[in-house]
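Next come the chains, spelled out residue by residue.
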Amino acid sequence: MAEVILNDIAKIYDGSVVGCKDINLSIKDKEFCVLVGPSGCGKSTTLRVIAGLEDITSGTLKIGDRVVNEVASKDRDIAMVFQNYALYPHMKVWDNLAFGLKLRKYPAEEIKKRVTETARILEIEHLLDRRPKALSGGQRQRVALGRAIVRKPKVFLFDEPLSNLDAKLRVQMRVEIKKLHARLQITSIYVTHDQVEAMTMGDRIVVMKDGYIQQVDDPIKIYENPSSKFVAGFIGSPSMNFINVKISTNSSGEYFTVSEKAGGFKINLAKKGFAFLTPFNSREMILGVRPENITDRIYSDIKEAENIVAASVEAEEPMGSENYIHLKTQGSSEIVMKTDGANRVKPGDRLELLFNTEKIHFFDPKTEKRIYGD
């Protein structure tokens, strides 16, 4: 087992193109860490640097107690699972599993023991005499996992391993990989662009953008306390709603009034609870609110006609137990509300919305950093 430590890691291509930069990250022994972000954010480059498939431009990489900057990939005691499975098509499953051990000249009895044990763990004993072309996508993915497991490495690296599977199978394999990790307790680093995979699989999530780390934390903390507008919008499905607003203080100084920039709603916030907004009085801000923290007043216990956000229905997405309602406010801000699946609407319906003010966020429009309270 091993801790993986990246100190000031950078990978620069052709002298100026940033693959990843200023990567400072400590992945604990036995941890399941997920690197997530949009295409081109640097997550796969970071993984390939750890794997030794890319040279490090600057910085220090440690696996366990050993600096591996100059250590060849094959000598780093890591195993990688690729998105395209990387199976040898002319070999049977048994030989695919055994191939890496044979290269390392393991005794025949040890190879047999490890292949048999791995096949049992992955429930693929009945597939050992088949070739990859005779396997389904899910079965091929299990064999690819088996090739990594059989090695018993210090670190597992996963490069978007589920992206070629259909939606139902992806969900199944997410669970299987988590169960495997709980059983094997091997440090694992998993790359994905799918924020649902990241949220459901990671002990910690590393959110990346443009080659840089944006935030590192456990999934729920990132969801509830995003550090920036980018993180807030990327993590969560449907994503967070963003509305341009202006902050002002009422004449008595007891409340902040949050007004939709283009005209429309006004929400009063107790000054005591939002004291962190004081430096931003009379300034424009970005208000963020998640779809599940918006409700129609008809389904609320609140009957007073205050802090109402009037909006009209544009469309709905019935999801069964949930319904995603797309709305436009009087100030033409487009927002999504997540509600119970029984709450059906029609285009043109007028709703009176309430925002859960304990769950709203504010972002600086220039830096896009979140403005924090206590």
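To be clear, the structure that these remarks concern was listed above.
The notes below deal with the structure included here. Because the structure is predicted, anything quoted here is derived from the model rather than measured. (Residues numbered from 1 in each chain as written. Predicted model: local features only at pLDDT ≥ 70, side-chain atom pairs only at ≥ 80, totals over all residues. Heavy atoms only, no water.)

A short note on the layout of surface pockets
Just so we agree on the cut-off: Within this scheme a cavity is a closed region of a 1 Å grid, computed over the protein atoms alone, that accommodates a 1.4 Å probe without allowing it to escape, whereas a pocket is open but has protein on both sides within 12 Å along at least five of seven lines; lining residues each have an atom within 4 Å of a point. Grid points are joined across faces, edges and corners, and a volume is the space filled by probe spheres set on the points. In this description a helix means any DSSP run of H or I spanning at least four residues, a strand means any run of E spanning at least two, and both kinds are numbered starting from the N terminus. Classes in brief: Ala, Val, Leu, Ile, Met, Phe, Trp, Tyr, Cys and Pro nonpolar; Asp, Glu, Lys and Arg charged; the others, Gly included, polar.
Counted as a void, the largest pocket has a volume near 520 Å³. If you trace the largest pocket, you find 25 residues lining it, with Met80, Phe82, Arg104, Arg147 and Arg151 closest to the centre. Of all the secondary-structure elements, those providing two or more residues to the lining of the largest pocket are β6 (78-81), α2 (93-103) and α4 (137-149). Tallied by class, residues from the lining of the largest pocket come to 17 nonpolar, three polar and five charged.

Details of empty space enclosed by the protein
Counting across every chain of the model gives one cavity of 30 Å³ or more. Considered as a void within the structure, the largest cavity measures approximately 80 Å³ in volume. Lining the largest cavity are Phe32, Leu145, Ile149, Phe156, Phe158, Ile177, Leu180, His181, Leu184, Ile186 and Ser188. At the level of secondary structure, the elements contributing two or more residues to the lining of the largest cavity comprise α4, β7 (155-159) and α5 (167-184). Considering each element in turn, the lining of the largest cavity owes the most residues, four residues, to α5. For the lining of the largest cavity, the residue count by class is nine nonpolar, two polar and no charged.

A few points about the packing of aromatic side chains
Our working definition: To pair, rings of Phe, Tyr and Trp, with the six-membered ring standing in for Trp, must have centres within 6.5 Å; the planes then decide the type, stacked if under 30 degrees apart, edge-to-face if over 60, and tilted in the middle. Think of it in three bands: with a 1.4 Å probe and only protein chains considered, a residue is buried below 20% of the maximum accessible area for its type, exposed above 50%, and partly exposed in between. When the NZ atom of lysine or the CZ atom of arginine is within 6 Å of a ring's centre and also within 35 degrees of its normal, the charge is said to sit over that ring.
Applying the stated rule across the entire model yields 10 aromatic pairs. Ring geometry for phenylalanine 230 versus phenylalanine 234: centroids 5.8 Å apart, planes at 20 degrees, classification stacked. Of this pair, phenylalanine 230 and phenylalanine 234 both sit in helix α8 (residues 229-234), separated by four residues, roughly a single helical turn. Each member of the pair phenylalanine 230 and phenylalanine 234 is classed as buried. Cluster of aromatic residues (ring-pair linked, three or more members): Phe32, Phe156, Phe158 and Tyr190. The ring centre of phenylalanine 242 lies 5.2 Å from the NZ or CZ of lysine 229, which sits over that ring.

Structural notes on the pairing of strand β17 (residues 322-329)
Just so we agree on the cut-off: Any two strands with at least two DSSP-identified bridges between them are counted as paired.
Here strand β16 (residues 309-318) runs beside β17; their pairing, made up of seven bridges, is antiparallel. When the bridges of β17 are listed, alanine 315 appears paired with histidine 326. Bridge analysis of β17 against strand β18 (residues 334-340) gives seven bridges, and the strand direction is antiparallel. Each bridged residue has a counterpart across the sheet, and for lysine 328 the counterpart in β18 is glutamate 334. With antiparallel pairing between neighbouring strands as the criterion, β17 and β18 make up a hairpin whose turn holds four residues, including serine 332 at a positive phi of roughly 70 degrees.

Concerning the pattern of salt bridges
As a reminder of what qualifies: One speaks of a salt bridge when a side-chain nitrogen belonging to Lys or Arg is within 4 Å of a carboxyl oxygen belonging to Asp or Glu.
Scanning the model with the defined rule gives 14 salt bridges in all. With a closest N to O distance of 3.8 Å, glutamate 117 and lysine 152 form a salt bridge. With a gap of 35 residues between them, glutamate 117 in helix α3 (residues 108-122) and lysine 152 in the loop between α4 and β7 connect regions that are remote in the sequence. For the salt bridge of glutamate 176 with lysine 179, the shortest nitrogen-to-oxygen distance reads 3.6 Å. Taken together, the residues span about one helical turn, with glutamate 176 and lysine 179 both in helix α5 at a distance of three residues. A relative accessible area of 22% places glutamate 176 in the partly exposed class. What emerges from the salt-bridge pattern is a single network uniting Lys11, Arg48 and Glu54.

Details of the side chain of asparagine 343
As a reminder of what qualifies: Distance and chemistry together define a polar contact, namely a pair of N or O atoms within 3.5 Å, with one atom able to donate a hydrogen and the other to accept it when in protein, and with adjacent residues in sequence counting only for side-chain atoms on both sides. A contact between two residues is defined here by any heavy atoms of the two lying within 4.5 Å.
Mapped onto the elements, asparagine 343 comes out in the loop between β18 and β19 (350-355). Residue asparagine 343 is classed as buried on the basis of its relative accessible area, which comes to 13%. Only 2.6 Å separates the side chain of asparagine 343 from the side chain of threonine 339, close enough to count as a polar contact. The residues contacting asparagine 343, other than those within four sequence positions of it, are Tyr299, Asn323 and Ile325.

A word on the sheet that holds strand β3 (residues 32-36)
Operational definition: Working convention: axes come from line fits to C-alpha atoms, limited for helices to the stretch in contact. Angles between N-to-C directions cover 0 to 180 degrees.
One open sheet holds the six strands; their spatial order is β6-β7-β8-β3-β9-β10, and the pairing between them is mixed. Of all strands in the sheet, those with a lone pairing partner are β6 and β10 (212-217), marking the two edges. Averaged over neighbouring strand pairs, the angle between their axes works out to 20 degrees when direction is ignored. The pairing of strand β9 (residues 204-209) with β10 spans five bridges and is classified as antiparallel. Bridging across to β10, valine 207 finds its partner in glutamine 215.

Digging into the pairing of β19
Bridge count for strand β15 (residues 294-296) against β19 is three bridges, and the pairing is antiparallel. Residue threonine 295 lies in a different strand from β19, and its bridge partner there is leucine 354. Taken together, the four bridges between β16 and β19 define a ladder with antiparallel strand orientation. Note that in β19 the partner of valine 309 across the bridge is leucine 353.

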